Amino acid sequence: MKLILGSGSPRRKELLAQLGIVPDAILPPDIDEDPRKGELPRPYAARLAREKAAAVAAGPDDIVLCADTTVALGRRILGKPRDAGEAAAFLMALGGRRHEVITAVAVRRGDRVWTRESVSAVKMKRLSDVELNAYLAGGDWQGKAGAYAIQGAAGAFIPWISGSFTGIVGLPLAETAALLQAAGYPIWRQG
Ligand SMILES: Cc1cn([C@H]2C[C@H](O)[C@@H](COP(=O)(O)OP(=O)(O)OP(=O)(O)O)O2)c(=O)[nH]c1=O
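Because the structure is a prediction, the values reported are computed rather than measured.

Looking at the site of the ligand
Contacts to the ligand come from 20 residues, most closely from Ser-7, Gly-8, Arg-12, Lys-52 and Lys-80. Within the side chain of Ser-7, a nitrogen or oxygen atom sits 2.6 Å from an oxygen atom of the ligand. Between the ligand and Lys-52, the relevant distance is 2.7 Å, taken from an oxygen atom to a side-chain nitrogen or oxygen of the residue. Contact with the protein chains hides 94% of the accessible area of the ligand, taken as 610 Å² for the molecule alone. Only helix 1 (10-17), strand 3 (63-73) and helix 5 (165-169) provide two or more residues apiece to the shell around the ligand. Partitioning the shell around the ligand into residue classes produces seven nonpolar, six polar and seven charged.

Below is the structure:
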């Protein structure tokens, strides 16, 4: 049995390392991340996590772990911004309001799949022009759902969360540990 982390996200690798888990292989999935017409954020994140887990090649006894993080502003899905202009639009829309961060996790072993979702509420303060421009220039928005990373400088924009910090960063550890155990991965072995 091998554990395959199906993710190109360095955050997910680091969060897994927090549990003392080093995957045997890292295979980033390549799937179409476009939302379907009218698709809501939570089902979208769940679908993407499942599709990622299905897209990663693995042996019948191997365990594949994948996740998808989506920022939801009401019914609107904010994915990874295409460019700085879209990142600015996302951050202006998020500032001064509450939004949700959904991370869906999917674990697959052979043709069995286990999934869980973590939903957190996040309040971002309204950003001044100086804050917005400095954050955009820093480039930390790239590759992040909703154009920010709470674990970086954007932590200064977030006075309040309710939910799972590790879920917001990209891999909710409580849910992930439960799924790995369900799939038969011995996460609490000694030594
Ligand atoms: C909201 C938020 C998102 N993110 C990141 C986590 C994810 O890497 C990214 C959302 O994109 P995802 O599509 O979930 O993941 P990914 O494309 O980075 O990696 P892969 O599909 O190969 O697993 O946003 C943060 O790092 N901090 C945050 O506060």
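Remarks on the UniProt feature "active site" (unreviewed entry) in the chain
Mapped onto the present numbering, the UniProt feature "active site" (unreviewed entry) falls on Asp-68. Summarising the element assignment, Asp-68 is placed in strand 3. You can call Asp-68 buried: its relative accessible area is 4%. Residues in contact with Asp-68, not counting those within four places in the same chain, are Arg-12, Glu-33, Tyr-44, Ala-45, Leu-48, Ala-49, Lys-52, Ile-102, Thr-103 and Ala-104. There is a polar contact of 3.1 Å between the side chain of Asp-68 and the side chain of Lys-52.

Structural notes on the nonpolar core
Counting residues in hydrophobic clusters, the biggest one holds 46 residues, and the most contacted among them are Leu-91, Val-107, Tyr-135, Tyr-148, Leu-171 and Leu-180. Take this core: its biggest share by element is six residues, from helix 3 (residues 84-94). Once residues lying within four places of it in the same chain are set aside, the contact partners of Val-107 are Ile-63, Val-64, Leu-65, Arg-112, Val-113, Trp-114, Leu-179, Leu-180 and Ala-183. Core analysis: the second largest hydrophobic core is formed by twelve residues, Ile-4, Ala-53, Val-64 and Ala-106 among them.

Thoughts on the environment of Thr-115
Structurally, the position occupied by Thr-115 is in strand 6 (residues 112-124). The residues contacting Thr-115, other than those within four sequence positions of it, are Arg-50, Val-105, Ala-106 and Leu-179.

Thoughts on the packing of helix 3 against helix 4 (residues 129-138)
Packing of helix 3 against helix 4 leaves a shortest axis separation of 11 Å and a crossing angle of 140°. Overall, the two elements helix 3 and helix 4 adopt an arrangement that is oblique. With respect to the hand of their crossing, helix 3 and helix 4 are arranged in right-handed fashion. Between helix 3 and helix 4, the contacting residues are Ala-84, Ala-87, Ala-88, Leu-91 and Met-92 on the first element and Leu-132, Tyr-135 and Leu-136 on the second. Taken together, the residues of the contact of helix 3 with helix 4 break down into eight nonpolar, no polar and no charged.

Here is what the cut-offs are and how they apply
Residues numbered from 1 in each chain as written. Predicted model: local features only at pLDDT ≥ 70, side-chain atom pairs only at ≥ 80, totals over all residues. Heavy atoms only, no water. Near = heavy atom within 4 Å. Polar contact = N/O pair within 3.5 Å; in protein donor to acceptor, adjacent residues only side chain to side chain. Areas by Shrake-Rupley, 256 points an atom, 1.4 Å probe, with all protein chains shown as cover. Helix = DSSP H or I, 4+ residues; strand = E, 2+ residues; numbered from the N terminus. Nonpolar A, V, L, I, M, F, W, Y, C, P; charged D, E, K, R; others polar. UniProt positions renumbered as here; feature names shortened; annotations may be inferred. Buried < 20%, exposed > 50% of the residue type's maximum accessible area, 1.4 Å probe, protein only. Contact = heavy atoms within 4.5 Å. Core = buried A, V, L, I, M, F, W, Y, C linked by side-chain atoms within 4.5 Å. Axes fitted to C-alpha atoms, helices over the stretch in contact; angles between N-to-C directions. Parallel < 35°, antiparallel > 145°, perpendicular 65-115°, else oblique. Left-handed = near helix turned anticlockwise from the far one by under 90°.

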